[in-house]
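An overview of the molecular structure
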Amino acid sequence: MSAQNWKPSVTVAAIIERDGRFLLVEEETSDGIRFNQPAGHLDPGETLAQAVARETMEEAAHDFEATALVGVYMARYLSSRTGLEVTYLRFAFAGELGAAYDQPLDEGILRTVWMDYDELLASRDKHRSPLVLQCIDDYLQGKRAPLSLLYSHPDAIGAFNG
């Protein structure tokens, strides 16, 4: 892949902890059934905080309000389905889990599951990526940055002044 065409895929993830357990989704992937945080791609016209709230709703059927940035992570993945390398730039957020809704989960999401740290360690071979555990480790170490570090220019979120 030439450097001219290379672009990382921007993703968001919600780190949700309640009473020592973390909310994960079990999902079907090209590499089999895997565990991940509620996570997904940044869509055009939305801020990172809006993206993580949307992804949590779609994948876990809960409201989510980001309160802090846990970290920004870059990882490369070789797709077993396409044989192509993809670089992901992941923004992981801590926040407040809100109301639950009775609605179908996003396509490919089998269920939500709460896991404690020992269960996370025991299932690490089934994580969607090594970033699942890295984000939780950083969260447990207290890593938090204020959301004010993130700025979205109005042009980036659809507020063009033509």
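See the structure above.
Before going into details, it helps to say that this report is about the structure given with it. Since this is a predicted model, take the numbers as computed values, not measurements. (Residues numbered from 1 in each chain as written. Predicted model: local features only at pLDDT ≥ 70, side-chain atom pairs only at ≥ 80, totals over all residues. Heavy atoms only, no water.)

1. Concerning the side chain of asparagine 36
Of note, asparagine 36 is situated in strand β4 (residues 32-36). Side-chain polar atoms of asparagine 36 contact the side chain of glutamate 27, separated by 3.4 Å. Excluding its chain neighbours within four sequence positions, the residues that come into contact with asparagine 36 are Leu24, Val25, Glu27, Arg90, Arg128 and Val132. (Helix = DSSP H or I, 4+ residues; strand = E, 2+ residues; numbered from the N terminus. Polar contact = N/O pair within 3.5 Å; in protein donor to acceptor, adjacent residues only side chain to side chain. Contact = heavy atoms within 4.5 Å.)

2. Quick notes on the environment of tyrosine 88
Among the secondary structure elements, tyrosine 88 is positioned in strand β7 (residues 85-100). With 45 residues separating them in the primary sequence, tyrosine 88 and leucine 133 have C-alpha atoms 16 Å apart. Beyond its immediate stretch of four places on either side in the chain, tyrosine 88 contacts Ser9, Thr11, His41, Tyr73, Met74, Ala75 and Tyr77.

3. A few points about the sheet that holds β7
Strand order in the open sheet formed by four strands is β5-β1-β7-β6, and the pairing between neighbours is mixed. Strands at the two margins of the open sheet, each flanked by one partner only, are β5 (39-41) and β6 (62-78). Neighbour to neighbour, the strand axes of the sheet diverge by 25 degrees on average, direction disregarded. In this structure, strand β1 (residues 9-15) lies alongside β7, joined through seven bridges in parallel fashion. Each residue of the ladder has a partner; that of serine 9, found in β7, is tyrosine 88. Along the sheet, helix α3 (residues 131-140) makes contact with β1, β6 and β7, crossing β6 at roughly 130 degrees. (Pairing = 2+ DSSP bridges. Axes fitted to C-alpha atoms, helices over the stretch in contact; angles between N-to-C directions.)

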